[in-house]
Amino acid sequence: MTQEQFQDALNARVSTIEKVLVSALPKNITMQKTIADAMEYSLMAGGKRLRPMLMLEAYRLFGGSDEAEIEPFMAAIEMIHTYSLVHDDLPAMDNDEYRRGRKTTHIVYGEDMGILAGDALLNYAYETAVEGALKLKDPANGLKALQILSRKAGVYGMVGGQVVDVELTGKPISEEQLDFIYRYKTSALLEASLMAGAALAGAAEEEIAQIECVGRLVGLAFQIQDDILDLTSTAEELGKPIGSDLRNEKTTYVSLHGMREAEEAVEEYSKEAVEILENLSEENEFLDQLIVSLIHRKK
Ligand code: FPP
Ligand code: MG
């Protein structure tokens, strides 16, 4: 696939995912309209849609062919991701006013509605996924995907990582603590995306474990690149102010190891991820290229 073909394929996937998200949003809203508006505002703010994209590609990789089956789960993971961003931006956490090029949800709707929009997205994510699971030809695959999503988003996943991140902000941290934060706060949802896609395609436990490793490596590379961009990008490109880690006195991979080592780590982890994929009996060229493209991502 040439770079241009890859870019076209990527854009096509983003617009498919956005259609899935729009149609998943709650309908029949009466008096609770404010929360439906806040959910839509945050969900439809134009992120990279990486997590649903990874889920769909893992589903395809392991032979999944009925894509309507996976759509509720793709919507669910993006809702979980979006809730985490809405809450992360709250005054009690990172206190950010901009995200994805616009005002954060609590700035537009107030802190109370910001909290509730996150709560609503999280619940609605599971509501959507459970409805999807009930309609599957093999609901056991849906149950497995739900087990993965709920575990990786929670105390043994993203929330666990966020807790340690918040607790250690402004304090010196060890290599081991930084690794824990990245692995849980960021990798966990990327692992869940790939693993749930695999589970829905009916992949074997061993295959789900292999794709979990891919997610862990992609997540580490992704978070280190996030640290790099916070120092080297521009607010226009990122859609939010740069330098927030310094302002929030956060230890990052870059502050611990320096820029050059950080850049090398992004490349190394991404290559290791692609190697695991190449050693599988199945193949998905787009997925390989997607992971490589993240090494040089600018936002
Ligand atoms: C940016 O994703 C997000 C991360 C790099 C992960 C950061 C982790 C948190 C904010 C966890 C918060 C957890 C709780 C429980 C509040 P992205 O670059 O894919 O964003 P995009 O969707 O806007 O492209
Ligand atoms: Mg944060």
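Residues numbered from 1 in each chain as written. Chains lettered and ligands numbered in written order. Predicted model: local features only at pLDDT ≥ 70, side-chain atom pairs only at ≥ 80, totals over all residues. Heavy atoms only, no water.

1. Quick look at the coordination of the magnesium ion (ligand 2)
At step 1: For the magnesium ion (ligand 2), the protein coordination sphere consists of Asp-88 (OD), Asp-88 (OD) and Asp-94 (OD), at 2.2 to 2.8 Å.
At step 2: Relative accessible area serves as the criterion here: at 15%, Asp-88 is assigned to the buried category.
At step 3: The class for Asp-94 is buried, based on a relative accessible area of 17%. (Donors = N, O, S within 2.8 Å, 3.2 Å for Na, K, Ca; no water. Buried < 20%, exposed > 50% of the residue type's maximum accessible area, 1.4 Å probe, protein only.)

2. Looking at empty space enclosed by the protein
At step 1: Evaluation of the coordinates by the stated rule reveals two cavities of 30 Å³ or more.
At step 2: Along the walls of the largest cavity sit 13 residues, with Ser-42, Ala-45, Arg-99, Arg-100 and Thr-105 positioned nearest its centre.
At step 3: Those elements that place two or more of their residues in the lining of the largest cavity are helix H2 (33–43), helix H4 (67–88) and strand E2 (102–103).
At step 4: The leading source of residues in the lining of the largest cavity is H4, at three residues.
At step 5: Of the pockets and cavities examined, the second largest cavity occupies roughly 40 Å³. (1 Å grid on protein atoms, 1.4 Å probe; cavity = no way out; pocket = protein on both sides within 12 Å on 5 of 7 lines; lining within 4 Å. Points joined across faces, edges and corners; volume = space filled by probe spheres on them. Helix = DSSP H or I, 4+ residues; strand = E, 2+ residues; numbered from the N terminus.)

3. Regarding the site of ligand 1
At step 1: Taken together, the neighbourhood of ligand 1 is formed by 18 residues, with Lys-48, Arg-51, His-81, Arg-100 and Lys-185 sitting nearest.
At step 2: A distance of 2.8 Å separates an oxygen atom of ligand 1 from a polar side-chain atom of Arg-51.
At step 3: His-81 is positioned such that a nitrogen or oxygen atom in its side chain is 2.8 Å from an oxygen atom of ligand 1.
At step 4: The fraction of the free accessible surface of ligand 1 (630 Å²) that becomes covered by protein chains is 92%. (Near = heavy atom within 4 Å. Polar contact = N/O pair within 3.5 Å; in protein donor to acceptor, adjacent residues only side chain to side chain. Areas by Shrake-Rupley, 256 points an atom, 1.4 Å probe, with all protein chains shown as cover.)

4. Quick notes on the side chain of His-87
At step 1: With respect to the helices and strands, His-87 occurs in helix H4.
At step 2: Those residues in contact with His-87, other than ones at most four positions away along the chain, are Met-93, Gly-114, Ile-115, Gly-118 and Asp-119. (Contact = heavy atoms within 4.5 Å.)

5. Some thoughts on the packing of helix H1 (residues 3–24) against H4
At step 1: Axis separation between H1 and H4 bottoms out at 9 Å; the angle between their running directions is 85°. The angle between the axes of H1 and H4 places the two elements in the roughly perpendicular class. On H4, the residues that touch Ile-17, Val-20, Leu-21 and Ala-24 of H1 are Glu-71, Met-74, Ala-75, Glu-78 and Met-79.
At step 2: Grouping the constituent residues of the contact of H1 with H4 by class yields seven nonpolar, no polar and two charged. (Axes fitted to C-alpha atoms, helices over the stretch in contact; angles between N-to-C directions. Parallel < 35°, antiparallel > 145°, perpendicular 65-115°, else oblique. Nonpolar A, V, L, I, M, F, W, Y, C, P; charged D, E, K, R; others polar.)

6. Let's talk about the packing of aromatic side chains
At step 1: Within this structure, the stated rule accounts for three aromatic pairs.
At step 2: On the basis of an interplanar angle of 20° and a centroid distance of 4.2 Å, the ring pair of Phe-180 and Tyr-184 is categorised as stacked. One end of the pair, Phe-180, and the other, Tyr-184, are both in helix H9 (residues 175–200), four residues apart, so they sit about a helical turn from each other.
At step 3: Under the relative-accessibility criterion, Tyr-184 is labelled partly exposed at 25%.
At step 4: Directly above the aromatic system of Phe-286 lies the positively charged group of Arg-13, at a separation of 3.7 Å from the ring centroid.
At step 5: When the ring centre of Tyr-156 is taken as origin, the NZ or CZ atom of Arg-151, which lies over that ring, is 4.3 Å away. (Phe/Tyr/Trp six-rings, centres within 6.5 Å; stacked < 30°, edge-to-face > 60°. Lys NZ or Arg CZ within 6 Å of the ring centre and 35° of its normal.)

7. Structural notes on unusual backbone geometry
At step 1: Phi at Asn-28 is positive, roughly 55°, even though this residue is not glycine.
At step 2: By the element assignment, Asn-28 lies in the loop between H1 and H2.

8. Some details on the packing of H2 against helix H6 (residues 111–134)
At step 1: At a closest axis distance of 9 Å, the pairing of H2 and H6 adopts a crossing angle of 75°. Taken together, the axis directions place H2 and H6 in an arrangement best described as roughly perpendicular. Seen from H2, the contacting residues are Thr-34, Ile-35, Ala-38, Met-39 and Ser-42; seen from H6, they are Met-113, Leu-116, Ala-117, Ala-120, Leu-121 and Tyr-124.

9. Some details on a negative patch on the surface
At step 1: A cluster of like negative charges, contributed by Glu-175, Glu-176, Asp-179, Glu-261, Glu-263 and Glu-264, occupies part of the molecular surface.
At step 2: Every element with two or more residues in the negative patch is listed here: H9 and helix H14 (259–279).
At step 3: Tracing the backbone through its elements, the reader meets Glu-175 in helix H9. (Patch = residues over 30% accessible without salt bridge, like charges linked within 9 Å, V, L, I, M, F, W, Y side chains within 5 Å. Salt bridge = Lys/Arg side-chain N within 4 Å of Asp/Glu carboxyl O. Lys, Arg positive; Asp, Glu negative; His and termini not counted. Charge placed at Lys NZ, Arg CZ, Asp CG, Glu CD.)

10. A few points about H14
At step 1: With 21 residues, H14 extends 31 Å between its outermost C-alpha atoms, agreeing within 8% with the 30 Å of an ideal straight helix rising 1.5 Å per residue.
At step 2: Within the span of H14, buried status applies to Ala-262, Ala-265, Val-266, Ser-270, Ala-273, Val-274 and Leu-277. All buried residues of H14 project into a common sector of 160° when viewed along the axis, lining one side. Across H14 from its buried face, at more than 90 degrees, point the exposed residues Arg-260, Glu-278 and Asn-279.
At step 3: Close packing links the buried residues of H14 with helix H3 (50–61), helix H10 (205–232), helix H13 (253–257) and helix H15 (285–295). (Expected span 1.5 Å × (residues − 1). Arc of directions from axis to C-beta.)

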